[in-house]
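Structural characterization, general
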Amino acid sequence: MLEPENGPVAVEPPVIRPVGPLGIDPEELNTCVSCGLCLPHCPTFRVTGEEAYSPRGRIDAMRGIEWEGGSVDDEFVDFMETCVQCRGCEPACPSGVPFGSLMEQTRTALAAERVVTPWWQRLGLRALTRPWLVLAGSTALALAQRARLVPSRVGLGRIPLRRGPAIAATGDDAWLFTGCVMDAWQRSTHRSLAALMSAVGVGYRTPGAGGGCCGALHTHAGLTDEAATVAGRVMASMPGDAPIIVDSAGCGAALKEYGHLLGTDESAAFSARVVDAAEWLAGHVTELPEPEGKRPVVIVQDPCHLRHVQRVHDSVRTVLRPVADLVELDDDGLCCGAGGAFSALQPELAGEIRDRKMASIDRAVARAGGEVLVASANPGCSMHLEAMLAERGVAVRHPVDVLADALGLDRE
Ligand code: SF4
Ligand code: SF4
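Residues numbered from 1 in each chain as written. Chains lettered and ligands numbered in written order. Predicted model: local features only at pLDDT ≥ 70, side-chain atom pairs only at ≥ 80, totals over all residues. Heavy atoms only, no water.

1. Describing helix H12 (residues 224–237)
Between its first and last C-alpha, H12 extends 20 Å over 14 residues, near the 20 Å set by a 1.5 Å rise per residue. Buried residues of H12: Ala-227, Val-230, Ala-231, Val-234, Met-235 and Ser-237, and no others. One face of H12 carries all of its buried residues, which in axial projection span an arc of 155°. Facing away from the buried side of H12, by more than 90 degrees, are the exposed residues Asp-225 and Ala-236. Looking at the buried side of H12, the elements it contacts are strand S1 (174–177), helix H11 (216–220), helix H14 (258–262) and helix H15 (265–272). (Helix = DSSP H or I, 4+ residues; strand = E, 2+ residues; numbered from the N terminus. Expected span 1.5 Å × (residues − 1). Buried < 20%, exposed > 50% of the residue type's maximum accessible area, 1.4 Å probe, protein only. Arc of directions from axis to C-beta. Contact = heavy atoms within 4.5 Å.)

Shown next, in the form of structure tokens:
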């Protein structure tokens, strides 16, 4: 065996770190090598310019508590609460730091001590698991919007007053996951997906009782036990082995992570059945009917949970390219600031992050040089962007709506 001139290289034994007060997996926390390559991909670092609001800064802060005897103070909580949980730092990281998992573990510890996620937020999250309450609350919010009682700084898109009948089953080839807020605010998108599935001859069912809320927002808020309970109900609502097609990027990401959340063979098998709508349609493009009419010009906005978590954002391009002229944004998939409940909890920071996204959209509109629309595969992102886009006379649609429109599919 060849040896260096000065003899064999002494290999340092790996440092075994203890589990600290936050209960973060020390191996996961150890993976960061502080290279800083993730910083340009972090929306909160981009708008503040401060290391503490970057992934590396947040990991340093976690290590300070876990390994260096630091204590949880207001500053630490602020660094954690201002993370959008967009996970834009993950694909940028050469060391494979599981930042989403680190943040979830931290928030779980903070929520257990009631340092984050106040009672009113917990109450709201509990309401999401009751479909009648979500529908009633959405109608009340829609009426409040029309009475101009919702402050414009909230920046929420227009919630529909009429959503039409619930999606009716047509067969048992696949499940069409309808969700909670998505079904109340964008049921028309489910109708588009249903029409596309029918167009390729695939019958679908919708989840049974308990299969509404996916628990993504519970996980974000650190309510891991509640998220696990919700996940159990969702799994029970869609038995069998048929694929589960999801047209909300955030919900799809959550369902695909049930295996990680619950850590059981059953949950891993369930997650393996979950497919994003565009990901699924990309395998059926050649079976779709021919497009009708003029090709729209479409700016593609990648939701973080499609691009950074599910990593299937190219499927949107695969399904839209045959029917539309696509324009790409120039911000390398930077988050728009919606982040589940982030835009409501951190409105100022979310607004600043959205301003960067809007600047990128404005440049794309200028490049397109004509009538355009924006395609976004996540209800949170589209509602967050809608008000700003409306001021510019630009509509935001879900990619499956764009596709169903282009194919002239009947959705009644
Ligand atoms: S998850 Fe998003 S906001 Fe949080 S540190 Fe990573 S890139 Fe920044
Ligand atoms: S999280 Fe990854 S990219 Fe960011 S500083 Fe640590 S090792 Fe580097």
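Still more ground to cover, so stick around.
2. Digging into the site of ligand 2
Contacts to ligand 2 come from 13 residues, most closely from Cys-32, Cys-35, Gly-36, Cys-38 and Cys-93. According to the grid-proximity analysis, the pocket containing ligand 2 is the largest cavity. Each residue belonging to the shell around ligand 2 can be placed in one class, and the counts come to nine nonpolar, three polar and one charged. (Near = heavy atom within 4 Å. 1 Å grid on protein atoms, 1.4 Å probe; cavity = no way out; pocket = protein on both sides within 12 Å on 5 of 7 lines; lining within 4 Å. Sits in = over half its atoms within 2 Å of the grid points. Nonpolar A, V, L, I, M, F, W, Y, C, P; charged D, E, K, R; others polar.)

3. Some words on the site of ligand 1
Near ligand 1, the surroundings consist of 13 residues, among which Cys-42, Cys-83, Cys-86, Arg-87 and Cys-89 are the closest. Among the residues forming the shell around ligand 1, the class breakdown is eight nonpolar, three polar and two charged.

4. Remarks on empty space enclosed by the protein
According to the stated counting rule, one finds one cavity of 30 Å³ or more in the structure shown. In this model, the largest cavity occupies a volume close to 100 Å³. What lines the largest cavity is a set of 14 residues, and nearest its centre among them are Cys-32, Cys-38, Ile-59, Cys-93 and Val-97. Among the elements that make up the lining of the largest cavity, the one with the highest residue count is helix H3 (residues 55–67) (three residues). Partitioned by chemical class, the residues of the lining of the largest cavity number 11 nonpolar, two polar and one charged. (Points joined across faces, edges and corners; volume = space filled by probe spheres on them.)

5. Some words on a positive patch on the surface
Together, Arg-114, Arg-126, Arg-130 and Arg-233 make up a positively charged patch on the protein surface. Residue classification places Arg-126 among the partly exposed residues on the basis of a relative accessible area of 48%. (Patch = residues over 30% accessible without salt bridge, like charges linked within 9 Å, V, L, I, M, F, W, Y side chains within 5 Å. Areas by Shrake-Rupley, 256 points an atom, 1.4 Å probe, with all protein chains shown as cover. Salt bridge = Lys/Arg side-chain N within 4 Å of Asp/Glu carboxyl O. Lys, Arg positive; Asp, Glu negative; His and termini not counted. Charge placed at Lys NZ, Arg CZ, Asp CG, Glu CD.)

6. A closer look at the sheet that holds strand S3 (residues 244–246)
The parallel open sheet is built from four strands, whose spatial order is S2-S1-S3-S4. Looking along the sheet, the strands with just one partner apiece sit at the ends: strand S2 (204–205) and strand S4 (274–276). As paired elements, S1 and S2 share two bridges and run parallel to each other. Bridge assignment links Ala-174 to a residue of S2, and that residue is Tyr-204. (Pairing = 2+ DSSP bridges.)

7. A closer look at the packing of H3 against helix H4 (residues 74–81)
Between H3 and H4, the least distance of the axes is 10 Å, while the angle of their chain directions is 140°. Of the possible angle classes, the one that applies to H3 and H4 is oblique. For the crossing formed where H3 meets H4, the hand is left-handed. Note on element contacts: H4 touches H3 through Phe-76, Phe-79 and Met-80, opposite Arg-58, Ala-61, Met-62 and Ile-65. (Axes fitted to C-alpha atoms, helices over the stretch in contact; angles between N-to-C directions. Parallel < 35°, antiparallel > 145°, perpendicular 65-115°, else oblique. Left-handed = near helix turned anticlockwise from the far one by under 90°.)

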